[in-house]
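Architecture and fold: a report
As a plain string of letters, each chain reads:
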Amino acid sequence: MPQITKLRLLLSSAHNPASLLLLRKPTSASFSLLFTPTKTLRPISLFTPFSSLSKKNRTHLSRPLTQRNHSSLRETGRREKAAPPMEEIGSVGFNKRRAEGNDKSDRPKKILSLKDRKLNPANTICYVQIMGTGMDTQDTSPSVLLFFDKQRFIFNAGEIDHIFLSRVCSETAGGLPGLFLTLAAIGDEGMAVNAWGPSDLKYFVDAMRSFIPKACMVHTRSFGPSAGSDEGDISGSRKFSDPIVLIDDEVVKISAILLRPSLSEFDAEEGRNQFSELVVKPGDISVVYVCELPEIMGKFDPKKAVALGLRPGPKYRELQLGNSVKSDRQNIMVHPSDVLGPSVPGPIVLIVDCPTSSHLPELLSLHSLSSYYGDMSGNPPETSKAVNCIIHLSPAAVTNTKDYQKWMTKFTGAQHIMAGHEIKNVEIPILKGSSRIAARLNYLCPMFFPAPGFWSLQHLNGSAPGYRALSEVPVSKLCESIPAENLLKFHLRPYAQLGLDRSGVPTTNSSSEIIEELLSEIPEIVDAAQQVNQFCHTTPMLNNNVIEEPCLSENTLPSCLEDISREDMEIVLLGTGSSQPSKYRNVSSILINLFSKGSLLFDCGEGTLGQLKRRFGIDGADDAVRGLRCIWISHIHADHHTGLARILALRRDLLKGVPHPPLLVIAPRRLKRYLDAYQLLEDLDFQFLDCRHTTESSLEAFESDTSEMSIENNANGVGLKNQDVNSTLFAKGVPMQSHWNRPDSPVNNSVVISILRNLKEVLKEAGLEALISFPVVHCPQAFGVALKAADRLNTAGKVVPGWKIVYSGDSRPCPELVKASYGATVLIHEATFEDGMVDEAIARNHSTTKEAIEVGDSAGVYRIILTHFSQRYPKIPVFDETHMHKTCIAFDLMSVNLADLPVLPRILPYLRILFRNEMIVDESDDVVDASASAAI
């Protein structure tokens, strides 16, 4: 295992709260583990052929990862002792155990107990800090860190001691799967964590066990009505609004006060305050957290002690600890107040999440907060507690109301920090490294790399959905407050530093400043951008002989592109990395934008919603989510679907009150168990269809005789009656056949038939002819997908064949993938590893760059887009330019319009100029794989 030199907390997550990232350098991403490389290799150019590398580099890259200086941390955080058994499909090797789900590295570890920490009540450092992920995209709730010397507490995110959720929903907990995966993979045995949250948090964690066995690392502590916990209930009091003490040790006391939306059916005060009579959904319950530090004892005065007859010794210590002692020379008791100076009250911090106006009446009437109000509360001075800082996670639509503002004034002297979704935060990107790359790419080629879609403040004034117009905000607020900033601190101890600290707040760089830096660094980029602009806006020099045969030359315009419109289709690469989010690449997600006909999502990794908002802006992303026709998920690994619940929840909210059908989700059947379990927390408004029912044979059976179609319920449980599942990949006798026939839970005939009819109608309305899933070699129930557009008429009335897109998902090269890709207009293929890492690709059942291109060449596809790069390539992967004549590499937020496909490969040489100074080979390249057991 590489030597861990430093553990640094930076930001709540790269693309979602509670994502713990293992990265090479300090970044704007969450908890970065920094590793010291043992050797330094010569920088390798982006397009350096493998054969031309130095012997030292060539030797290093040719070794399996387990033989390199930085022995690979396998997906469970352990090194593999023996290579997995290799099988072949045709001439391509793959890891049979992994494909069948029997790889030992995927097995869960033992349940870990929490580590005991020695606490020092006299901490010298304590502060609260805003962790700003989600402030710019408004897709997640910001996180708050409460930092002590020996303990860390995170609210709405995660750290290695305690996680506190202010609500149990996709907005506050969507990043937990990534966090749990990483915690489970740290060191040889992983790390355990306490997870606290209202009501049925346990059900959320249990739902994740369907795809993250290592969720056993989490000790769930839920509280409130319908509480359930493997650690026992922590309901404490009988009344709903009474504080529940969660943590009470030498350094801090943390209590939770529950909020619920006002329910008209509960009019009687007594009934409304009893757990037994509450009927509210778990996701509706919110929390106010109260964090109280112990008072600081006054300075000990030895002169007073001597005057009271005490000899120097252990009794001095007892008095300093707050205990009374008997005088050595006088017949009296000496009390701490006799020898200590005035005590300093312990600082108090409140974290308030009042998510809707329906929760506000409950907040305003909380009697349990009255002791924290100032002089106007009428409390006796000895019972009043002064609050130093209040962090408001409530949205602007709530905090800007007169009632909320008036409530804030009750906390005399408190510093109010507004950390909810404020409109002005939209223009301040949190992921500075990612936005810097996006600005540079946009300068080089705006056609494929459009500028981020954040609206200006002027446009947002009064138009953002769910937010009160700025003109409606009171001109003079009743209570002074400051807006939250990323990494803003409020010091609690030492007492001399009590107050705000902006020293860690990152500086903001405008797009013009980034471009000015680029021009200074690479002067020739000016000419490069002009050349790119020239060939992007002139008619491509292509062979004008349009042919209709499936196998197409890269220099021959396919017939499906004849008279193509820019409003026909574009491919938006929302996430192009593997395993987990990084500073520059989010995990897998691809938007197929059909413009006025809606859109589809291929995979939906963590942070997909945030990426949609970075690409299209707040309103534009909402429109895209409203227009979704279908979401297709390739397999159960976490980096391909953990953003799904957030997308579904937002669509539900956006279409509330508008007649609409549930969104069709096509995915491996195992994912349905997670979604069904999650729906105990909040309704996701979806319709599920197993990928196996969308294979070519299943759909053919459906089309051939719908009235006589039935579903198998026997042990095979594969799909439609009489369908032929003996594909070239799963035919009898081949290594994968046994897994394909593995028993599954029975399905309802009529339900599947109805959903297939719905799918057919959805495709027709979107101008599509077919969506066909096909099995691939990666893990159990892994699929790729082919999407075919319907034929159309051109301006001359000629029938033009529809375009075809194929997405590999995660896969080794295999016959099913080649067959499905035959004659495709675009093949989007994973290229996790570079060409010199074939052994690693086989062990993980992934593909190298060259292998992905060979699949496209074998199938005669027109264009190839490579994606799903290992996070060991922080900005751009290593590949051989000689193979890239019809290929392009993907970047996050890259948009490829069908009309621009002819010029797509021509951008590659100019990317070489843009990234010429980048270090491609990362000596700590294996660290991100430490937490990838269920991610890749």
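Reading the values: rules and limits
Residues numbered from 1 in each chain as written. Predicted model: local features only at pLDDT ≥ 70, side-chain atom pairs only at ≥ 80, totals over all residues. Heavy atoms only, no water. UniProt positions renumbered as here; feature names shortened; annotations may be inferred. Pairing = 2+ DSSP bridges. Helix = DSSP H or I, 4+ residues; strand = E, 2+ residues; numbered from the N terminus. Axes fitted to C-alpha atoms, helices over the stretch in contact; angles between N-to-C directions. Salt bridge = Lys/Arg side-chain N within 4 Å of Asp/Glu carboxyl O. Buried < 20%, exposed > 50% of the residue type's maximum accessible area, 1.4 Å probe, protein only.

With an unreviewed UniProt entry as reference, the protein is termed ribonuclease Z, source organism Rhododendron griersonianum. The record held by UniProt for the protein lists under Sequence similarities (unreviewed entry) the comment "Belongs to the RNase Z family." Reading the Subunit (unreviewed entry) entry of the UniProt record for the protein gives the comment "Homodimer."

Here we have six strands laid out as an open sheet, ordered 30-31-34-35-36-37, and mixed in their pairing. For this open sheet the edge positions go to strand 30 (768–775) and strand 37 (887–889), each flanked by a neighbour on one side alone. Taking each pair of neighbouring strands and ignoring which way they run, the sheet shows an average axis angle of 15°. Where strand 36 (residues 863–867) lies against strand 37, three bridges are found, and the strand directions are parallel. In the sheet register, Leu866 faces strand 37, and the bridge partner there is Ile889.

Time to look at the pattern of salt bridges. For the coordinates displayed, the defined rule picks out 25 salt bridges. Glu521 serves as the salt-bridge partner of Arg436, at 4.0 Å between the closest nitrogen and oxygen. With Arg436 in helix 13 (residues 432–444) and Glu521 in helix 15 (residues 511–521), the pair connects residues that are 85 residues apart, well separated along the chain. Note on Arg436: relative accessible area 23%, which makes it partly exposed. It is possible to trace a salt-bridge network through shared partners that takes in Arg436, Arg440, Glu517 and Glu521.

Bringing the sheet that holds strand 16 (residues 348–352) into the picture now. As summarised here, the arrangement of the seven strands in space is 11-12-13-16-17-18-19, forming an open sheet in which the pairing is mixed. Both edges of this open sheet fall to strand 11 (244–248) and strand 19 (482–483), since each of them pairs with a single strand only. As judged from the four bridges shared by strand 11 and strand 12 (residues 253–259), these two strands associate in the antiparallel manner. When the sheet's bridge partners are listed, Ile247 is paired in strand 12 with Ile254.

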